[in-house]
Amino acid sequence: MAARVHHTSWQDFYGPNAGYIIELYENYLRNPESVDQATRNLFAEWGPPPMDLAEPDAVVEGVDEDTLHIIRQGTELARNIRDLGHLQAHLNPLDTSVASSPLLQLETYGLTAEKLQRIPAQSLWPTCGPELRTGWDVIQHLFSLYTGTLAYEFSHVHNPEERQWLDNYVDSNQVRPHLSAVEKRALLRRLIAVDQFEKFLHHTFPGQKRFSIEGTDAMVPMLDQLIHLSASTTTIRNVVIGMAHRGRLNVLAHILGKPYADIFAEFHSAPNKDLVPSAGSSGINFGWTGDVKYHLGARKVMQESNMVEMHLTLADNPSHLEFVDPVVEGMARAVQDSREQPGLPVQNPDNALAVLIHGDASFPGEGVVSETLNLSRLAAYNTGGTVHIIANNVMGFTTEPDQGRSTLYASDLAKGFEIPIVHVNADDAEACLGVTKMAHLYRQKFHKDFLIDLVGYRRWGHNEGDDPSVTQPLLYEAVQAHLVPAEVYAQQLEREGVVTHQAVEQIIEAIQEEFRSTYQALTRGEAVLTKRGVMPEDPINPEPAPVSEELLKSINQALLQRPAGFHVYPKLDRILAKRQEAFTAPQGVDWALAETLAMATILAEGTPIRFTGQDSERGTFSQRHLVLHDVKTGEKYCPLDHLPQAQASFLISNSPLSETAVLGFEYGYSTQASEAMVFWEAQYGDFANVAQVLFDQFIGPGRSKWLQTSSLIMLLPHGYEGMGPEHSSARLERFLQLSADENWRVTIPTSAAQYFHLLRSQAAWISKRPRPLVVMAPKSLLRNPQAASAAAELTHGSFKALWAMPVANPAEITRLVLSSGKIGIEVRQAAQEVEGGTPWLAMARLEQLYPFPAAELSDLVASLPNLKEIYWVQEEPQNMGAWTYVATTAAPSLHGLSLTYVGRPAHSAPAEGYAQRHAAEQHRIIQEAISR
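Everything numeric here is computed off the predicted structure, so don't read it as measured data. (Residues numbered from 1 in each chain as written. Predicted model: local features only at pLDDT ≥ 70, side-chain atom pairs only at ≥ 80, totals over all residues. Heavy atoms only, no water.)

Asker: How should I be thinking about the overall build of the chain in this particular structure?
Answerer: Helices and strands together make up the secondary structure of the chain, namely 32 helices and 24 strands. Viewed in the frame of its principal axes, the chain has a C-alpha envelope of about 115 × 75 × 55 Å. Across the 932 residues that make up the chain, the buried fraction comes to 58%. Of the contacts made within the chain by residues no fewer than 6 positions apart, 80% connect residues no fewer than 24 positions apart. Per element, the accessible surface of the chain, about 37,300 Å² overall, is 52% carbon and sulfur. The positive charge centre, built from 74 side chains, and the negative charge centre, built from 108, are 6 Å apart in the chain. (Helix = DSSP H or I, 4+ residues; strand = E, 2+ residues; numbered from the N terminus. Buried < 20%, exposed > 50% of the residue type's maximum accessible area, 1.4 Å probe, protein only. Contact = heavy atoms within 4.5 Å. Areas by Shrake-Rupley, 256 points an atom, 1.4 Å probe, with all protein chains shown as cover. Lys, Arg positive; Asp, Glu negative; His and termini not counted. Charge placed at Lys NZ, Arg CZ, Asp CG, Glu CD.)

Asker: Quick question: what am I supposed to make of the pattern of salt bridges here?
Answerer: Between side chains of opposite charge, a pair can form as their charged atoms come close. Here the structure, examined in full by the defined rule, presents 36 salt bridges. With a closest N to O distance of 3.2 Å, Asp350 and Arg443 form a salt bridge. Here Asp350, found in the loop between strand 6 (346-347) and strand 7 (352-359), pairs with Arg443, found in helix 16 (residues 429-446); they are 93 residues apart in sequence, far enough to count as distant. Comparing Asp350 with Arg443, the two get one shared label, buried. The closest approach of N and O atoms between Glu513 and Arg516, which form a salt bridge, is 3.0 Å. Here the residue Glu513 and the residue Arg516 both occupy positions in helix 19 (residues 501-523), the gap between them amounting to three residues, near one helical turn. Residue Glu513 is classed as partly exposed on the basis of its relative accessible area of 38%. Taken together, the shared-partner salt bridges in this structure form one network comprising Asp83, Arg163 and Asp167. (Salt bridge = Lys/Arg side-chain N within 4 Å of Asp/Glu carboxyl O.)

Asker: Is there a simple way to think about the packing of aromatic side chains in this case?
Answerer: Geometrically, a pair of aromatic rings is defined through the distance of the ring centres and the angle of the planes. Scanning the entire structure with this criterion turns up 31 aromatic pairs. With 5.9 Å between their ring centres and 55 degrees between their planes, Trp165 and Tyr442 make a pair best called tilted. With Trp165 in helix 6 (residues 160-171) and Tyr442 in helix 16, this residue pair connects regions lying 277 residues apart in the sequence. Of the two residues, Trp165 and Tyr442, both sit in the buried class. (Phe/Tyr/Trp six-rings, centres within 6.5 Å; stacked < 30°, edge-to-face > 60°.)

So, in C-alpha cells, the structure goes:
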C-alpha cells in the first residue's frame, strides 16, 4: 500500500466524508485534543474546510445520521487500532492464543462488518489507497498492520513531524521487508549458526555458565542489519554496543568475530597459556586478573565492502547489567566529538552509533536506565540517537513480570522520554529485520532514540546450571515443546519453497562440523589462539614541562577579557577583577584561579578538556565561575572557549542531577578520548556513593580485568566543617580499599600550587601512563589564605606526594605529625599560635595516599635523628578516612617507630550533626596533636 499523502484540496472530500470533516472541524474548534494529531496537522496546514463542502448538492443521496454515526464510531475504532493494537498482538512466541481487548472489538462501538461495508474506505482513512474500498476493508487492513507479530506504541511521541513519519511508515506497510530468496536463505543460515553455537557449547561443556541467547536468537541478525545499514547508507563508521551477559558469547562470536577457538579455550578446563599471562610476566606483575568469559568485550575492524571499514566495539560489562549503558553512551560521544580545534568540541552524530541491549527485568528495574535515557537530549551528553533492544525473556532470574515491574510492558519507561516503541515477536525473523531498519531510519532522520522490544523467551534457567522448572514449571513445559527460532523460520521457508528440508540439514551439518573440527584442533593443541594483550611496562612517573611566568600572565589577562557590551554580574565582576593582582600580591593565587590557569596551560599544550558535574560551571561553592552570564541579556560566555593560547577544545557543562549515569558517561568518554583530560565533579564528595558500582566494577579494576585504560579525573569535595554526617566525607576509605596494582592515584592536595601541579601532572600522564585520578577536593580551603599560593610556586617545583613543612633544627624534633587534607593546615595554624613555639614538632602532609610515597616518608623519618613518636592525625572517625590504610602501609617507612592515632573514635556516621559538637571534637584533636 502507498503511504498516506496530503490532498491538495478540501474538494477531494465529498458525500459522508465531507460531513464528517465538518463535524471533526467543529470538534477541533471546541477542543483541539478531541481529534488525533494527524487531523490537527491537517487543519493547521489547510485551514478550515469550506462550510458549503457538505451542502446537499455535494452529498451523496441517502446519507443519514446512522451513516454518520457509523463513520464516527469507525473512526474511533481505527484510531484505537493504531494506538492500542498492541493489546491484541501476537507478541509472545509461546502464546497459543492472542489476548482480546474490548477497546478493539466491533461490539464496543456498536459496529458490525455489514455496517462498515456500507461506508467508503475514505470516510475512515481519507488518504488510503484505492485497494481499500469500504470501511470494513480499512478495519481489516489496520488489524493486519497493528495486531500481528509487530505492535507499535507511538501515542506518547508529541512531535508532529516524528509522529506523522512513524504513522506513515507503519500505515504504508514498510515495516515488513520484502526479502529475496537469497536473503532469506542467508538469514536462515545466520539463525542456524546462532542456534548450533549454543547447542555445541551446551553439549560440549555441560553445566558451564554461558547465559545463552536461545529464545531471542534474532538479536544477532538484527545487529547484522544495523551494522550493514550504517555502513551502506550513512557515514557511520563506528558502532558501540553495550549489553549484559545474556547472549554475549554469541554476539562476540558472530558480530565481533571472536574466533570459536578462543571461546572454546575459555570454556576448556585447562587454561591456555596464550590467553593467561604466565607467572612473572608483565601481565601478572602489573595486576592482570582477567574476567569471566561472559563479561568480556571486544573490538573488531571489518570490511563491509571494498570501500567501507567499520569499527565495532562491544563494551566490557560486569554482572551489574545496565550499568554499562552510560559507559557506552560516553564511548560513542567521544568518537563523535572532534577536539582538535579551540572552543567547544564539534559533534558529528553520524561518526558513531550506540546500540544498547537491555534485559526485560533490568530495563524497568535499574535506575541507571532512566538516568541514561535522561541524557539522550542534553547537549553535553546526547549521541544523536541510540537504538535500544530489550532482549525480552519475560523473566528475571526466577521473578515473573507481575513481581518485577508495575507497568504493562518492560519498555514502558521509555514513554516518558518520547521514545518510539515497537514490540516484535522474536520468532518472526523477517519482522525483526524490518523493525531494525525502521529504527535505523528513524535514528538517522531525527537523531533520537528508538526502542525495539524483542519478545522471546529463555530456553534454560538464569544460567545453564539452573533448573527453571522449580519455579516456572508450566512455562518451561511450553519452552521445551517449542521449536527454536531457526526451526520456526526453516519450516516457513520450506512452506514457501525457498529451501528444502535436506538443504537445511546440510547447513546444520556443515556448521556442526566447523565447531567439531575447531574444538578437536584445540584439544590436540593445534589451534592458533589470539594472544591476549598485556599491561605494558609503564615509564617512571612522567613530569610536565615547567610553565613560564610570562605565559601565565598572558593567560590571566586573556581570561579577564569580555566581549564588547557583555555585562557581568557586578559583585562577581569585582571578585574576578582581583585576579589582576594575582602575580603581584603575596599568596595571590587562590584555588579557583590555580585550577583555571592549569587548565588553560594544558589547552595551550594541545590537550582537550571536558569537565562536567552538578553546578560545575559556577562551582558548588561559587568559586569557579567559568561560565559568565550577561545580567541584561542572559547570554553566556566562557573565557576558556575563547582563549587565544588554546590549541584544543574545551567543554564545561552542568550535569543533570545524577551521579551514576554521568560518571559512567565520563568514564566511557575517557576510555575512547585517550588524548583528552576528562573531569567529573561531585557536588559533594559523599554524593559519589550513589555511583559506587562505577568505582567498584569499572574505574577501579577496569585496567586489571579488561586492560581498559582511563585518565578520568574525579573531584570529590571532602572536609569536616561542621555540616553534619552528609557533605563532610567523600568516603576516602573506600577509594583506598580499592587501591592496588597501581590502578589510580588518590590525592588530597592542600594548596593552590599543589593542585595546579597535580592537574598538569595528570595531563602529562595521559599519553604515557594513563590512570584515573581521585582528588579529595577542598571546600573551606577554597578561600583559606593558608591554601593560597604565590605565583612563583606555579612556575617552579612540582606536585609533592609528601609535603613536609620546613623545620629549623632537625635534631630538636621528637614528634612527627602526619596528616592529609584540611586538618593538617589547622594543626599547623594551631602550632604557630602556641606561645614559645613548638621547635620539637615536625609536620608533614600526605598529599598523595596512593600510590603511597614510601620512599619519601622513609627519608623524612631518617632525617630526624631524635624522633621519638609519630602521630597520624585525621578528622574522620577511626574506622573511616585513611587511618586503617596508613597504619599498615606506612609501617615499613617508620624505621621501627609506631604510629599513634589521633582523631575521632569509630562511628557509624561520618560526622557529628551539631556544629558545637563538631567544633569541640576538632579542637580536641588539634590540641592532642600539638600538646606534650
